[in-house]
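Chain residues, written in single-letter form:
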Amino acid sequence: MRIGIVCYPTFGGSGVVATELGKGLADKGHQIHFITYNQPQRLDFLNENVFFHEVRFEHYPLFEYPPYETALASKMVDVVKHEQLDLLHVHYAIPHASAAYMARQILASEGIKIPIITTLHGTDITLVGKDPGFEPVVTFSINQSDGVTAVSANLAAETRDTFHISRHIEVIPNFIDLSRFRKHAKEHFRLAICPAGEKLLVHTSNFRKVKRIGDVLQMFALLRKEIPAKLLLVGDGPERQKMEILSRELHLEQDVRFLGKLDAVEELLSVCDLFVMPSEKESFGLAALEAMACEVPVISSNTGGLPELVIQGKNGFMSDVGDVNDMAKNALFILREENLPAFKAAALERAKEFDIHRILPLYEAFYEHICFKS
Ligand code: GMT
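Just so you know, these numbers come straight off a predicted model, no measurement behind them.

Turning next to the domain arrangement of the protein. Its domain assignment divides the protein into domain 1 (2–175 + 355–373) and domain 2 (187–352). Contact residues are listed per partner, giving 19 residues for domain 1 and 14 residues for domain 2. Both sides of the domain 1 and domain 2 interface together cover about 1200 Å² of buried area, and 58% of this is carbon and sulfur. Between Glu158 and Lys281 there is a salt bridge; the shortest N-O distance is 3.2 Å. Our count for the domain 1 to domain 2 interface comes out at six residue pairs in polar contact (both at pLDDT 80 or more). It is helix α6 (residues 153–163) that contributes the most residues to the side of domain 1 that touches domain 2, four residues altogether. Broken down by class, the residue content of the side of domain 1 that touches domain 2 amounts to eight nonpolar, seven polar and four charged.

Printed below as a string of structure tokens:
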């Protein structure tokens, strides 16, 4: 098939999923056309089936808010026409689903049919989408998409509830490339950070409020009173500076390192003992799946789609949002010498259930179903 993929090209989970999906489909012989404003972060390879179309437009002094959606819809029209696409698959509803609707209407007026699939990733529904400033357009464009998928059953249910939508939403979970996310032998790095054999905890995110990084630090402060441990914080975003200050206030600066954005996060995860994700909301928790694939168990909140990934007491533990005491207690349990190996093994076993080779066929089947129906 010839498929147009529209996504955010940044480090965010939705962009990562869209890019990895495109790569996987290209490997299976589909022709993939990425349409976005920058080269997607993980599109750093050569493949004869992958094309990148940059959304560009001239800035004009009148535009206090650049009309990205108009430029994106125009680019979609252009690519669908000239590359003879069979399908447009947009990731993250805002503003991709409404831009796709506009493109489909323009193409229809010229006698060209193009089905649209929208994949919902989380904050496009749970945080931004339900804002009254966006809600009518989000509801309309979800209803108008030819097919809609969500990355967890919880997100599908929340979408139906929030937007009073009764249409079918196909649940296709996120996935992982186990040839990249696996245990890498980087013990020298671990030795440098934990010279006295301390336990190593890690959190990766875009440092937004929804991630509750303060809870990571609070829980680590409790844990460190009991055992020697170090914490790595990977990523960057609006909360970073506040968290650096909090880490000093909690007297953790000797044991906490802020590493900023990292490309080869799998190499770092490989040497860690425990991943911490205490988010307020998490539609799926791709970062936790990446950790599991590197044999790292997870301490998380029991929110959103996380219960569809974490198995209580097996590959990790979930606690109520904000319950840092329970998180610290569970972390201590997992990190005990007699428990850690079983949790690590269970983390990998769970990750294997989300192997890209299992999930890609679900997308292909859904594409075929929607194209046949349209
Ligand atoms: O977590 C974020 O803030 C980024 C966001 C995104 O759209 O890039 O992530 C969402 O999509 C990911 C990929 O499907 C999911 O794994 C994350 O759980 C989800 N984030 C939230 O729901 C907060």
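Alright, that's what it looks like, and here's the rest.
Attention now moves to the site of the ligand. Around the ligand, a shell composed of 18 residues is seen, among which Gly13, Ser14, His121, Lys211 and Glu282 lie nearest. Within the contact set of the ligand, an oxygen atom lies 3.1 Å away from a backbone nitrogen or oxygen of Phe284. In this structure, Leu286 approaches the ligand through a main-chain N or O atom, which is 3.0 Å from an oxygen atom. Considered on its own, the ligand offers 480 Å² of accessible surface; in the complex 93% of this is hidden by protein. A per-element tally of the shell around the ligand places helix α1 (residues 13–27) first, with three residues.

Moving on, we get to the environment of Glu353. Along the chain, Glu353 falls in the loop between α13 (340–352) and α14 (356–373). Residue classification places Glu353 among the partly exposed positions, given a relative accessible area of 38%. Through-space distance from the C-alpha of Glu353 to that of Ile245 is 39 Å; in sequence the pair is 108 residues apart. Once residues lying within four places of it in the same chain are set aside, the contact partners of Glu353 are Arg358 and Ile359. A polar side-chain atom of Glu353 sits 2.5 Å from a polar atom in the side chain of Arg350.

Another point: the packing of aromatic side chains. One pass over the full model with this rule turns up eleven aromatic pairs. When the ring of Tyr101 is compared with that of Phe140, the centres are 4.9 Å apart and the planes differ by 85 degrees; the resulting orientation is edge-to-face. One end of the pair, Tyr101, is in helix α3 (residues 93–109); the other, Phe140, is in helix α5 (residues 135–144), and 39 residues separate them in sequence. Classification of Phe140 as partly exposed rests on a relative accessible area of 39%.

Here we come to the side chain of Ser319. Note on placement: Ser319 falls in strand β13 (residues 316–319). The exposure class assigned to Ser319 is buried, which follows from its relative accessible area of 2%. Within the local environment of Ser319, its side chain forms a polar contact with the side chain of Asp326, the two groups lying 2.8 Å apart. Sequence-distant contacts of Ser319, defined by excluding residues within four places in its chain, comprise Ser300, Ser301, Asn302, Asp326, Met327 and Asn330.

A word on the sheet that holds strand β11 (residues 274–277). The strand order β10-β9-β8-β11-β12-β13 describes an open sheet built from six strands, whose pairing is parallel. The sheet is open, and its two borders are formed by β10 (256–260) and β13, each paired with just one other strand. Between one strand and the next, the sheet's axes are offset by a mean angle of 20 degrees, whatever the strand orientation. The pairing of β11 with strand β12 (residues 298–301) spans three bridges and is parallel. Considered in β12, the bridge of Val276 is made with Ile299. Seen against the sheet, helix α8 (residues 213–226) touches β8 (199–204), β9 (229–234), β10, β11 and β12 and runs at an angle of roughly 170 degrees to β9.

Looking now at α6. For α6, the set of buried residues is Leu155, Ala156, Glu158, Thr159 and Phe163. Axial view of α6: buried residues confined to an arc of 165 degrees, hence all on one face. Looking at the buried positions of α6, the neighbouring elements they touch are β5 (116–120), α4 (123–126), α5, β6 (147–150) and β7 (170–171). Of the residues one or two after α6, His164 is the one with positive phi, at around 50 degrees.

Calculation notes
- Residues numbered from 1 in each chain as written.
- Predicted model: local features only at pLDDT ≥ 70, side-chain atom pairs only at ≥ 80, totals over all residues.
- Heavy atoms only, no water.
- Domains from an automatic or database assignment.
- Contact = heavy atoms within 4.5 Å.
- Buried area = accessible area lost by both parts, 1.4 Å probe.
- Salt bridge = Lys/Arg side-chain N within 4 Å of Asp/Glu carboxyl O.
- Polar contact = N/O pair within 3.5 Å; in protein donor to acceptor, adjacent residues only side chain to side chain.
- Helix = DSSP H or I, 4+ residues; strand = E, 2+ residues; numbered from the N terminus.
- Nonpolar A, V, L, I, M, F, W, Y, C, P; charged D, E, K, R; others polar.
- Near = heavy atom within 4 Å.
- Areas by Shrake-Rupley, 256 points an atom, 1.4 Å probe, with all protein chains shown as cover.
- Buried < 20%, exposed > 50% of the residue type's maximum accessible area, 1.4 Å probe, protein only.
- Phe/Tyr/Trp six-rings, centres within 6.5 Å; stacked < 30°, edge-to-face > 60°.
- Pairing = 2+ DSSP bridges.
- Axes fitted to C-alpha atoms, helices over the stretch in contact; angles between N-to-C directions.
- Arc of directions from axis to C-beta.

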